[in-house]
Amino acid sequence: MVNTVVVEKPQLLSAEDRLSQSGLSAQVGLLIGKLSPTLDRGFIFDFIPTPQNDAGEAACSVSKDDKKKPPSKSKSQPSDSISLVIDKDWIAEHARQVSRMLLGGIKVVGIYVWATDSAFKNSTIELCQTVKAAAKAVPILEIDSDERLLVHIGYSPRRYTCRNCMITSNITSSCLRPCDLKTGLVLKTLRTFKCTYNFSLRLPIRLVGASNTQTFSDILRQGISVHANELRGAKAVVDGNFVVNDEPCATDGLHEVELLLPLLNDTSAEACSQKDVVGLLILSGSVCSFAFLTPKEPISQAFSEIKGDIIMSLQSRLDVICDEVDEDLAPTASGGEEASNEKPVSKLILHSLRKTCGLSFPRRVFVPWLADTYICDYLQPSETLEVLKEHCVELMSMEALSDSSSILDVDVEAPSVISKSFWDVVVPFSSGGSSSSSASKGIETSKEKTEYPVKTANFNIMAAVFFLLLSILVGFVLIAKKL
């Protein structure tokens, strides 16, 4: 349970100056930081204002009878009719897109509101619903807390209050609990952990009924979810040393983490035993991951954050592809026919295909943020760094990046991707495969007729049995001669 919240002092002062000079009577934005239930503390690193929606409207405004500028030193005029009008869906969408750009240990931890005391008190239920909507829009991980923060920045009079909101409880005024709000300098003390995780997932394509078809993205999403469960059991090596004691990290600087997965049953062999499997989808590549910890958090928290960041990165890349496809397939205003009837790869029904198809994931690019921390974004092969700069300005309220040399593009190389037929994958000794290098995350599917590979596999099995029987016979002959 979070009882105390520490706010990064420079960012609080910057947000206060920005809000007081804006002339706005109300504003809602996101709180970026981390919640540490083990320490009973929360940390706020930055205040990110929610931009205007596509129609050019603000995400928050006061009710029509109180659209006045913030009073300076004059007495406020509280009224029971004053309340806030909040676009919860737009704030939730902002939270979803910002969460993609955050790395391990840094999350959207709640919302802030700039309003008078009377407007805040009359909009408590609306604000609680907004907090819950923003929390639901962000993918939930096992390590996530069910608590979120609501910070009120009042300008008449000027004061700050923080409340803890339980998103799992019913939305009532009693679900808000006061928290102590303090200022400090936390960002400079964060411990940084980095991990380069190589993976190769073989996901079976099963033959299902016409009423339950699986698309490319469905199989991928399910496979990533299964791999997340496997990744939770991985052990970690930090700076070449196996961690035994779960203690806080006492040293500064960058710490290299290596994940060791437990020995699992061969998933390709399991797929081979399934009668309804008609192909395989192979996802392989490399994910560069960062995690940030406060000095008093146990080092096991860094491992959990690294694992969560890896899975979030894979899910975010898939979401970027699906979002782009949904935009392309959206009906045009003119109602004209589509230029092409060809389906995008992510929408293909794989078990009905008779050819190999491939898809490249967006690459992950890191951008310096506050102090020595980073945020990230995902770029399609056709996109340039200009898209990244626009996202940082629009979503994170950052100044335009003038120096591209500070951007880390470390996710451009990936392990080799092997494209094989179904039986070449599940029976690796049946035939040789050709490999090709990929410059980004690679996904390949393959489905071919299996008459020849099946015969080859049966021949190899019979040959193995023959040599086994021959060895037993020779052993009996040698024993008989000795007797």
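This text gives an overview of the structure that appears in the document. (Residues numbered from 1 in each chain as written. Predicted model: local features only at pLDDT ≥ 70, side-chain atom pairs only at ≥ 80, totals over all residues. Heavy atoms only, no water.)

Attention now goes to the overall build of the protein. When helices and strands are tallied, the protein shows 10 helices and 20 strands. Among the 483 residues that make up the protein, the fraction classed as buried is 47%. (Helix = DSSP H or I, 4+ residues; strand = E, 2+ residues; numbered from the N terminus. Buried < 20%, exposed > 50% of the residue type's maximum accessible area, 1.4 Å probe, protein only.)

Let us look at unusual backbone geometry. Trans is the prevailing form of peptide bonds, just as negative phi is the prevailing case for residues other than glycine. At aspartate 40, a position not held by glycine, the phi torsion is positive, near 55°. As for its position among the elements, aspartate 40 is in the loop between strand E2 (27-36) and strand E3 (41-49). For serine 397, which is not a glycine, the phi torsion comes out positive at approximately 55°. Tracing the chain through its elements places serine 397 in the loop between helix H8 (385-396) and strand E18 (417-418).

We now examine the environment of alanine 59. Along the chain, alanine 59 falls in the loop between E3 and strand E4 (60-62). A relative accessible area of 5% means that alanine 59 is categorised as buried. When neighbours within four sequence positions are excluded, alanine 59 is seen to be in contact with Thr50, Val85, Ile86, Asp87, Trp90 and Ile91. (Contact = heavy atoms within 4.5 Å.)

A side chain of one charge can pair with a side chain of the opposite charge when the charged atoms of the two come close. If you walk through the whole model with that rule in mind, you get 13 salt bridges. The partner of arginine 96 in a salt bridge is aspartate 323, and the shortest N-O contact between them spans 3.3 Å. Here arginine 96 is found in helix H2 (residues 88-100), whereas its partner aspartate 323 is found in helix H7 (residues 299-329), with 227 residues between them in sequence. Looking at arginine 96, the relative accessible area reads 22%, which means it is partly exposed. We classify aspartate 323 as partly exposed; its relative accessible area is 23%. Aspartate 409 serves as the salt-bridge partner of arginine 363, at 3.1 Å between the closest nitrogen and oxygen. (Salt bridge = Lys/Arg side-chain N within 4 Å of Asp/Glu carboxyl O.)

What follows is about the environment of threonine 251. Positionally, threonine 251 belongs in the loop between strand E12 (241-242) and strand E13 (254-260). A relative accessible area of 46% means that threonine 251 is categorised as partly exposed. Along the primary structure threonine 251 and arginine 191 are separated by 60 residues, whereas in three dimensions their C-alpha atoms are 7.9 Å apart.

To continue, consider the side chain of arginine 364. With respect to the element layout, arginine 364 can be found in strand E16 (residues 363-368). On the basis of relative accessibility, which here comes to 1%, the residue arginine 364 falls in the buried class. A polar side-chain atom of arginine 364 sits 3.2 Å from a polar atom in the side chain of tyrosine 378. (Polar contact = N/O pair within 3.5 Å; in protein donor to acceptor, adjacent residues only side chain to side chain.)

Attention now moves to the packing of H2 against helix H4 (residues 124-137). Running from N to C, H2 and H4 point in directions that differ by 35°, and their axes come no closer than 8 Å. When the axes of H2 and H4 are compared, the crossing they make is right-handed. For the pair H2 and H4, contact is made by Lys88, Ile91, Ala92, Ala95 and Arg96 and by Glu126, Gln129, Thr130, Ala133, Ala134 and Ala137, respectively. Residues that form the contact of H2 with H4 fall into these classes: six nonpolar, two polar and three charged. (Axes fitted to C-alpha atoms, helices over the stretch in contact; angles between N-to-C directions. Left-handed = near helix turned anticlockwise from the far one by under 90°. Nonpolar A, V, L, I, M, F, W, Y, C, P; charged D, E, K, R; others polar.)

Attention now goes to the pairing of E16. Of all six residues making up E16, five are buried, and the element is well covered by its neighbours. Pairing between E16 and strand E17 (residues 374-379): six bridges, direction antiparallel. Bridging from a neighbouring strand, arginine 363 pairs with leucine 379 of E17. Linking two consecutive strands that pair antiparallel, namely E16 and E17, is a turn of five residues; a positive phi of about 55° is found at alanine 371 within it. (Pairing = 2+ DSSP bridges.)

With that settled, consider the pairing of strand E14 (residues 277-293). Burial analysis of E14 places 16 of its 17 residues in the buried class, which makes it a mostly covered element. As judged from the 16 bridges shared by strand E10 (residues 191-206) and E14, these two strands associate in the antiparallel manner. The partner of asparagine 198 across the bridge, within E14, is serine 286.

For the structure on display, the rule yields six aromatic pairs. Ring geometry for phenylalanine 466 versus phenylalanine 467: centroids 5.7 Å apart, planes at 70°, classification edge-to-face. According to the relative accessible area criterion, phenylalanine 467 is exposed, its value standing at 53%. Following the ring pairs from residue to residue traces out a cluster consisting of Phe290, Phe366 and Tyr374. (Phe/Tyr/Trp six-rings, centres within 6.5 Å; stacked < 30°, edge-to-face > 60°.)

To continue, consider the side chain of asparagine 53. Here asparagine 53 is to be found in the loop between E3 and E4. The buried category is assigned to asparagine 53, whose relative accessible area is 14%. Here alanine 55 takes part through its backbone nitrogen, which lies 3.0 Å from a polar atom of the side chain of asparagine 53. Polar contacts involving the side chain of asparagine 53 include one to the main-chain amide nitrogen of glutamate 57, which spans 2.8 Å. Beyond its immediate chain neighbours, meaning those up to four positions away, asparagine 53 contacts Asp87 and Trp90.

Strands sit in the order E1-E3-E2-E6-E7-E8-E9 around a closed barrel of seven strands; the barrel is mixed. Strand-to-strand twist in this sheet, taken as the mean axis angle between neighbours without regard to direction, amounts to 35°. Pairing of E2 with strand E6 (residues 107-114), which is carried by seven bridges, proceeds in the antiparallel orientation. Among the inter-strand pairings, glycine 33 is bridged to a residue of E6, identified as lysine 107.

This part covers H4. Helix length check: H4, at 14 residues, gives a terminal C-alpha distance of 20 Å against a target of 20 Å (1.5 Å per residue), a fit within 8%. Here H4 has its buried residues at Thr124, Leu127, Cys128, Thr130, Val131, Ala134 and Ala135. In an axial view of H4, the angular spread of the buried residues amounts to 160°, which keeps them on one side of the axis. (Expected span 1.5 Å × (residues − 1). Arc of directions from axis to C-beta.)

The analysis is restricted to geometry; functional conclusions fall outside its scope.
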